[in-house]
Amino acid sequence: MFSTRTDDVSVMQALGAGAYGYLVKETPPAEVIRAVRALAVGEAAATGMVTRRLIDWLFWRHAKPVAASQDKLGTLTPREREALLLVAAGLSDEEISRKLTLQVTTVRSHLYHLRQKLGVRDRAQLIVFAYQSGFSVPTAPLQPQ
């Protein structure tokens, strides 16, 4: 996209329509050439002003939920934190029980308290919360050799 507009709506509409580049008409010729070359090999390109606005948009879009998540994480006991990590890693209640040397009913109690404290309704949302808050990072499953 080559435009005079740098407002959020114009940029997002262009990207939503499939643009991989967004340059303003004041872009110096050398930068236009670099952008065309980048786009020709499948990369993205944007003027500095547009890139900055996109970074700001991404940061502010995610900053408040992450901050709120951090506050909620601060309310968890050490055992609840361990259970959350293991749930996010995909372990069943029984596997968590063995790993933490707890009764299955105790694990279920921890998971119930986690759901209450974090304001989620099920195991899947616990996992999503763990990833979105940055508490846990998804890992690729091991490939059989």
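Please refer to the structure higher up on the page.
These lines cover the structure that appears in this document, whether it is placed above or below. Nothing here was measured: the structure is a model prediction, and the numbers come from that model. (Residues numbered from 1 in each chain as written. Predicted model: local features only at pLDDT ≥ 70, side-chain atom pairs only at ≥ 80, totals over all residues. Heavy atoms only, no water.)

1. Description of the overall build of the protein chain
Argument step 1. On a plain count of helices and strands, the protein chain comes out with seven helices and three strands.
Argument step 2. Out of the 145 residues in the protein chain, the part that is buried amounts to 29%.
Argument step 3. Surface accessibility of the protein chain: about 9,800 Å² in total, with carbon and sulfur atoms responsible for 59%. (Helix = DSSP H or I, 4+ residues; strand = E, 2+ residues; numbered from the N terminus. Buried < 20%, exposed > 50% of the residue type's maximum accessible area, 1.4 Å probe, protein only. Areas by Shrake-Rupley, 256 points an atom, 1.4 Å probe, with all protein chains shown as cover.)

2. Overview of the environment of Ser69
Argument step 1. Structurally, Ser69 can be placed in helix H3 (residues 48-73).
Argument step 2. Taking C-alpha positions, Ser69 is 7.8 Å from Phe129, a pair spaced 60 residues apart along the chain.

3. Structural notes on the sheet that holds strand E1 (residues 2-3)
Argument step 1. Taking strand neighbours across the sheet as the criterion, the three strands line up as E1-E2-E3 in an open arrangement whose pairing is parallel. In this open sheet, the two edge strands, each paired with only one partner strand, are E1 and strand E3 (45-46).
Argument step 2. With two bridges joining them, E1 and strand E2 (residues 21-24) adopt parallel strand pairing. In the strand pairing of E2, Ser3 is matched with Val24. (Pairing = 2+ DSSP bridges.)

4. Notes on the nonpolar core
Soluble globular proteins tend to pack their nonpolar side chains together in the buried interior.
Argument step 1. Core analysis: the biggest nonpolar cluster contains 20 residues, and Leu84, Ile96, Leu111, Leu114, Leu118 and Leu126 have the highest contact counts within it.
Argument step 2. Residue contributions to this core peak at five residues, all from helix H4 (residues 78-88).
Argument step 3. If we skip the residues at most four places from it in the chain, Leu84 touches Leu73, Leu76, Leu114, Leu118, Leu126, Ala130 and Phe135. (Core = buried A, V, L, I, M, F, W, Y, C linked by side-chain atoms within 4.5 Å. Contact = heavy atoms within 4.5 Å.)

5. Let's talk about the packing of helix H5 (residues 93-100) against helix H6 (residues 104-118)
Argument step 1. Close contact between H5 and H6 brings their axes to 9 Å; oriented N to C, the two are set at 105°. In terms of axis orientation, H5 runs roughly perpendicular to H6. When H5 is examined against H6, the residues Asp93, Glu94, Ile96 and Ser97 are found in contact with a partner set consisting of Val104, Val107, Arg108 and Leu111.
Argument step 2. Looking at side-chain class alone, the contact of H5 with H6 contains four nonpolar, one polar and three charged residues. (Axes fitted to C-alpha atoms, helices over the stretch in contact; angles between N-to-C directions. Parallel < 35°, antiparallel > 145°, perpendicular 65-115°, else oblique. Nonpolar A, V, L, I, M, F, W, Y, C, P; charged D, E, K, R; others polar.)

6. Points about the environment of Ser136
Argument step 1. Tracing the sequence through the fold places Ser136 in the segment after helix H7 (123-132).
Argument step 2. Judged by relative accessible area, which is 11%, Ser136 ranks as buried.
Argument step 3. Through-space distance from the C-alpha of Ser136 to that of Leu85 is 6.4 Å; in sequence the pair is 51 residues apart.
Argument step 4. Ignoring anything within four residues of it in the chain, the contact list for Ser136 reads Leu85, Ala88, Ala130 and Tyr131.

7. A word on helix H1 (residues 8-16)
Argument step 1. If you check which residues of H1 are buried, you get Ser10, Val11 and Ala14. One side of H1 carries all its buried residues, which in axial view fall inside an arc of 95°. Every exposed residue of H1 that faces more than 90 degrees away from the buried side is listed here: Val9, Gln13 and Gly16.
Argument step 2. Gly18 sits one or two residues past H1 and shows a positive phi near 110°. (Arc of directions from axis to C-beta.)

8. Some words on the packing of H4 against H6
Argument step 1. Running from N to C, H4 and H6 point in directions that differ by 95°, and their axes come no closer than 10 Å. What the angle tells us is that H4 and H6 run roughly perpendicular. Here Arg79, Glu80, Ala83, Leu84 and Val87 of H4 lie close against H6, whose contacting residues are His110, Leu111, His113, Leu114, Lys117 and Leu118.
Argument step 2. For the contact of H4 with H6, the residue count by class is six nonpolar, two polar and three charged.

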